[in-house]
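What follows is each chain in one-letter form.
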Amino acid sequence: MSITDERKKSVDFTGKYYSTPAKLAMKDGAAYKDVADLKGKKIGVQRSSVYDRYATDVFAPAGAEIVRYSSQNEVFLDLASGRLDATLADSVNIDDGFLKTDAGKGFAFVGPDFTDEQYFGEGQGIAVRKGDTALADKISAAILAIRANGKYKQVQDKYFAFDVYGK
């Protein structure tokens, strides 16, 4: 779960275990220099996600129509069928769940990484019951231990061509 200030009001978090940026995906070759290029475009997002919040606050005022879905897979179906112009989601989800599939052929990432902590938090962590710092500390220690002993990097390198832990 994205570690955001808003979510910290309801739950406690472990230290982050990964941090990958949000990205936009559109038809390969689509013109995108900045948010103004999204005017009149339909952007699919997963409902009630950090991507929904960002798209609503940043893309909608620029004239984009935000289309909300129950799951990211539904977004991918409508993007592939031409009912959407773009999606905003986690870069790994888009890459593995769409771009590397047959349905994603002809689509690509466009624009910058979206990493604004106000929306996307400080990485992904494991949420625990508010006040259960003992459990959060144990899990955080385990995350640090596998990073220190090299196991995290070994698993990361098996599945990803980049550093998923982030900054």
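Everything that follows concerns the structure shown earlier in this document.
Let me begin by describing the structure that accompanies this report.

Definitions and cut-offs
Residues numbered from 1 in each chain as written. Predicted model: local features only at pLDDT ≥ 70, side-chain atom pairs only at ≥ 80, totals over all residues. Heavy atoms only, no water. Helix = DSSP H or I, 4+ residues; strand = E, 2+ residues; numbered from the N terminus. Polar contact = N/O pair within 3.5 Å; in protein donor to acceptor, adjacent residues only side chain to side chain. Pairing = 2+ DSSP bridges. Right-handed = clockwise from strand over helix to strand, strands pointing away. Buried < 20%, exposed > 50% of the residue type's maximum accessible area, 1.4 Å probe, protein only. Contact = heavy atoms within 4.5 Å. Salt bridge = Lys/Arg side-chain N within 4 Å of Asp/Glu carboxyl O. Expected span 1.5 Å × (residues − 1). Arc of directions from axis to C-beta.

## Topic: the side chain of glutamine 124
Thinking step 1. Structurally, glutamine 124 is set in the loop between α5 (117-120) and β7 (127-129).
Thinking step 2. There is a polar contact of 3.2 Å between the side chain of glutamine 124 and the side chain of serine 2.

## Considering the pairing of strand β4 (residues 65-69)
Thinking step 1. Relative to β4, strand β3 (residues 42-46) runs parallel, the two sharing 5 bridges. Paired with glutamine 46 across the two strands is tyrosine 69, which belongs to β4.
Thinking step 2. In this region the chain leaves β3, passes through helix α2 (residues 50-59) and returns to the parallel neighbour β4; the handedness of that crossover is right-handed.

## What about helix α4 (residues 91-99)?
Side chains that are three or four residues apart share a direction in an α-helix, a result of its 3.6 residues per turn.
Thinking step 1. Every buried residue belonging to α4 is among Ser91, Val92, Ile94, Asp95, Phe98 and Leu99, and all of these are buried.
Thinking step 2. Those residues of α4 hidden inside the fold are in contact with β2 (22-27), α3 (72-81), β5 (86-90) and β6 (107-114).
Thinking step 3. Two or three places before valine 92, at the start of α4, stands the capping residue aspartate 90, its side-chain oxygen 3.0 Å from that residue's backbone nitrogen.

## Section: the environment of glycine 166
Thinking step 1. Its place among the elements puts glycine 166 in the segment after α7 (151-159).
Thinking step 2. Exposure remark for glycine 166: the relative accessible area of 25% places this residue in the partly exposed category.
Thinking step 3. For the pair glycine 166 and glycine 123, spaced 43 residues apart in sequence, the C-alpha to C-alpha distance is 8.2 Å.

## Description of the pattern of salt bridges
Thinking step 1. Under the defined criterion, the tally for this structure stands at 11 salt bridges.
Thinking step 2. Here aspartate 113 and lysine 23 are joined by a salt bridge, their closest N and O atoms 3.2 Å apart. Taken together, the residues span a long stretch of sequence, with aspartate 113 in strand β6 and lysine 23 in strand β2 at a distance of 90 residues.
Thinking step 3. Take aspartate 113: its relative accessible area is 45%, and that puts it in the partly exposed class.
Thinking step 4. Residue lysine 23 is classed as buried on the basis of its relative accessible area of 11%.
Thinking step 5. Lysine 100 is the partner of aspartate 96 in a salt bridge, and the nearest nitrogen-oxygen pair spans 3.4 Å.
Thinking step 6. Looking at aspartate 96, the relative accessible area reads 39%, which means it is partly exposed.
Thinking step 7. On the basis of relative accessibility, which here comes to 56%, the residue lysine 100 falls in the exposed class.
Thinking step 8. One continuous salt-bridge network, built from bridges that share partners, spans Asp5, Lys8 and Glu122.

## Looking at helix α6 (residues 133-148)
Thinking step 1. Its 16 residues give α6 an end-to-end C-alpha distance of 22 Å, which sits within 8% of 22 Å, the value for a rise of 1.5 Å per residue.
Thinking step 2. Along α6, the residues classified as buried are Ala136, Ser140 and Ile143. Down the axis of α6, the sector holding all buried residues measures 55 degrees, keeping them to one side. α6 presents Asp137, Lys138 and Ala148 as exposed residues on the side facing more than 90 degrees away from its buried surface.
Thinking step 3. Summarising the contacts, the buried residues of α6 are in contact with β1 (11-13) and β7.
Thinking step 4. Directly beyond the C-terminal end of α6, a positive phi value near 90 degrees is found at glycine 150.

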